[in-house]
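Residues per chain, in single letters:
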Amino acid sequence: MALPSPRGRIVLGIETSCDETAAALVRDDRSVLSAPLFSQLSEHAPYGGIVPEIAARAHLERLDVLIARALEEADTRLADLAAVAATAGPGLIGGLSVGLLTAKMLALVHDKPLIAVNHLEAHALTARFTDALDFPYLVLLISGGHCQLQLVRGVGAYERLGTTLDDAVGEAFDKLAKMLGLGYPGGPRIEVAARGGDPSRFPLPRPFAGEPHCNFSFSGLKTAVRRLLLELGPAALEPSNLADLCASFEQAIADVLVDRTRRALARARQRLGATPPLVVAGGVAANRRIGAALRGLAGEAGVPIVVPPPRLCTDNGTIVAWAGIERLELGLVDGLDVPARPRWPLDPRAEPLLGAGAKGPKA
Ligand code: KG4
Ligand code: ZN
C-alpha cells in the first residue's frame, strides 16, 4: 500500500448518512480544497420528513458526480490522496451503504487506506478543525437525529453523559412545524416565525429540568404544544399568536438544553477536576436563541464555547474528511470488510436508553 507523505496529506471525506450527499477534500493543515454538497431537501419536503428510499436513490445517483467535482475543483487526483474516509454509521442503511461501498472501491482500486467514520465523531471533532480545540471538552450534539452530551477525551474516547429518551431536538422542531403547516425542515421556519414573538406568553413544560441526570425528553413538550394548539384552534396561526407560540417553544427548548448542559458540565468537572470547554454541534446549533442561551451558560461556567459555523454544524463532507485525518494520524484505519452500521453509539459502554432492539442500541 502506498505510504502517505507525512505532511500536506489530503483526505477525501464522503457523507451519505442522511439527506445530504457530500464529498470534500481536506488537507491536514486544515485547508478545505473543495466541498461540494447536494442537499435532497426539495425531494423530501413534500413528505414532511426524510424518506429513506428516496434518500438512498439520490445518493446513488449523485455521489460519483460529486466526488469527480470535488477532485476537479481541488485539482487533485485520486492517486494524490492519503486516505479515503466515509461515514459508516449511524444513519440510514441505504445511504450509508452507497457511501461506504464507494469509498471501499476507491480505496481498493487506488491502494489507499480506508477510514470508516462514525458520523457522531465527525460532529464531535469539528471544533478541533475549526478552532484547534484541545481535548477534553464537552459536546452537546443537537440535530435532527440526535440529542446527546458526550465528554470527549480523545479520538475514539467518549463518555456519554446524557441522551434523549424519545425525540431528537431537531425532530421536535420538525414535528411542531408540521403541526403548524410551516413545512420541512421545521427548525429554520420556526425560528423565522418566532421573530418578534413573546417567549414567555405560553407556559410550556421544561422536561427533566433540575433532574440530577443529564438526559433529555421532548415528548411531554410536544404533547403540551399539541394541547395548546387544540385550545387555540385556527387562532394559533394568526401572526401574533404564531410568533408567541414559536418563541415560547424555542425558549422551552433553550431552557432545557441549558439546564441539561449545566448538569453535564458539573458532572464533567467531577470527572476531570476542572470544567471543560463546551462545544455545540448539529443543525439546531444554528438557532440564535439557543446559541445565545448556551453562550450565556458558558459565560456563567467560565469556560470557552465553540459553535462551528452552520455549514459545518449541519451534515457535510469536510467534517468526515477531518475525522479521517485525525484517525489516520493515529493509524486508526479500517479493513475493506468494515460494515455499515445504522446504529453505532459513540460510547459503547453507555446503556441503550432509546430504541434498544435486536440490532443493538440506537445511537
Ligand atoms: O445536523 P442536521 O443538518 O442533520 C442531522 O439531523 O444530522 O440537523 C437538521 C435538524 C433539523 O431537524 C432542523 O429542523 C434543525 O436541525 N435545524 C434547526 C435550525 N436549523 C436547522 N432547528 C432550530 N433552529 C434552526 N435555525
Ligand atoms: Zn449529522
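Just so you know, these numbers come straight off a predicted model, no measurement behind them.

(A) Focus on the sheet that holds strand 11 (residues 305-306). Strand order in this open sheet of five strands is 9-8-7-10-11, and the pairing throughout is mixed. Edge positions in the sheet fall to strand 9 (157-163) and strand 11, since each has one partner strand and no second. Direction of pairing for strand 7 (residues 137-142) relative to strand 10 (residues 278-281): parallel, over a ladder of four bridges. From the neighbouring strand, Leu141 faces strand 10, where its bridge partner is Ala281.

(B) Spatial organisation of the domain arrangement of the chain. Taken as a whole, the chain is organised into domain 1 (10-126 + 312-329) and domain 2 (134-310). Taking only C-alpha atoms, the centre of domain 1 and the centre of domain 2 are 27 Å apart. Taken together, the 19 residues of domain 1 in the interface contact 21 residues of domain 2. A combined buried area of about 1600 Å² lies between domain 1 and domain 2, and 68% of that area is made up of carbon and sulfur atoms. Together, Leu120, Ala124 and Cys313 form the three largest contributors to the area buried by domain 1 at its contact with domain 2, with a combined 33%.

(C) Structural detail: the coordination of the zinc ion (ligand 2). Bound to the zinc ion (ligand 2) on the protein side are His119 (NE2), His123 (NE2) and Asp315 (OD), at distances that span 2.1 Å. In this structure, the zinc ion (ligand 2) is coordinated by four donor atoms arranged in irregular fashion, with angles at the metal of 90 to 146°. All donors of the zinc ion (ligand 2) come from a single chain, and their spacing in sequence reads H-x3-H-x191-D. Residue His119 is found in helix 4 (residues 119-124), and its partner Asp315 is found in the loop between helix 11 (310-313) and helix 12 (317-329); the two are separated by 196 residues along the sequence.

(D) Up close: the side chain of Gln148. Relative to the helices and strands, Gln148 is located in strand 8 (residues 147-154). Reaching out from Gln148, the side chain makes a polar contact with the side chain of Gln150 at a distance of 2.8 Å.

(E) Seen up close, the site of ligand 1. Around ligand 1, the surrounding shell holds 19 residues, and the nearest of these are Gly144, Asp174, Gly187, Glu191 and Gly283. Gly283 is positioned with one of its backbone polar atoms (N or O) 2.9 Å from an oxygen atom of ligand 1. Computed on the free molecule, ligand 1 has an accessible area of 550 Å², of which 89% lies beneath the protein chains in the complex. Breaking the shell around ligand 1 down by element, the ones donating at least two residues are helix 6 (169-180) and helix 7 (186-193). Of all the elements, helix 7 adds the most residues to the shell around ligand 1, at four residues. Both domain 1 (10-126 + 312-329) and domain 2 (134-310) contribute no fewer than three residues apiece to the shell around ligand 1.

(F) Focus on the packing of aromatic side chains. Taken as a whole and assessed by the stated rule, the structure comprises four aromatic pairs. Residues Phe135 and Tyr137 carry aromatic rings whose centres are separated by 5.9 Å and whose planes lie at 15° to one another, so their mutual orientation is stacked. With relative accessibility at 25%, the residue Phe135 sits in the partly exposed group.

(G) Layout of the packing of helix 6 against helix 7. Running from amino to carboxyl end, helix 6 crosses helix 7 at an angle of 65°, the nearest separation of the two axes being 7 Å. In terms of axis orientation, helix 6 runs roughly perpendicular to helix 7. The handedness of the crossing between helix 6 and helix 7 is left-handed. Contacts between helix 6 and helix 7 involve Phe173, Asp174, Leu176 and Ala177 on the former and, on the latter, Gly186, Gly187 and Ile190. In terms of residue class, the contact of helix 6 with helix 7 is built from four nonpolar, two polar and one charged.

(H) Fine view of helix 12. Look at helix 12: 18 Å from first C-alpha to last across 13 residues, which is about the 18 Å you get at 1.5 Å a residue. Among the residues making up helix 12, those that are buried are Gly317, Thr318, Ile319, Val320, Ala321, Trp322, Ala323, Gly324, Ile325, Glu326, Arg327 and Leu328. Structurally, the start of helix 12 carries an N-cap: the backbone nitrogen of Thr318 is 3.0 Å from a side-chain oxygen of Asn316. Positive backbone phi, approximately 75°, marks Gly331, located one or two places after helix 12.

Conventions used here
Residues numbered from 1 in each chain as written. Chains lettered and ligands numbered in written order. Predicted model: local features only at pLDDT ≥ 70, side-chain atom pairs only at ≥ 80, totals over all residues. Heavy atoms only, no water. Pairing = 2+ DSSP bridges. Helix = DSSP H or I, 4+ residues; strand = E, 2+ residues; numbered from the N terminus. Domains from an automatic or database assignment. Contact = heavy atoms within 4.5 Å. Buried area = accessible area lost by both parts, 1.4 Å probe. Donors = N, O, S within 2.8 Å, 3.2 Å for Na, K, Ca; no water. Tetrahedral: all angles 85-135°; square planar, octahedral: opposite > 155°, others 65-115°. Polar contact = N/O pair within 3.5 Å; in protein donor to acceptor, adjacent residues only side chain to side chain. Near = heavy atom within 4 Å. Areas by Shrake-Rupley, 256 points an atom, 1.4 Å probe, with all protein chains shown as cover. Phe/Tyr/Trp six-rings, centres within 6.5 Å; stacked < 30°, edge-to-face > 60°. Buried < 20%, exposed > 50% of the residue type's maximum accessible area, 1.4 Å probe, protein only. Axes fitted to C-alpha atoms, helices over the stretch in contact; angles between N-to-C directions. Parallel < 35°, antiparallel > 145°, perpendicular 65-115°, else oblique. Left-handed = near helix turned anticlockwise from the far one by under 90°. Nonpolar A, V, L, I, M, F, W, Y, C, P; charged D, E, K, R; others polar. Expected span 1.5 Å × (residues − 1).

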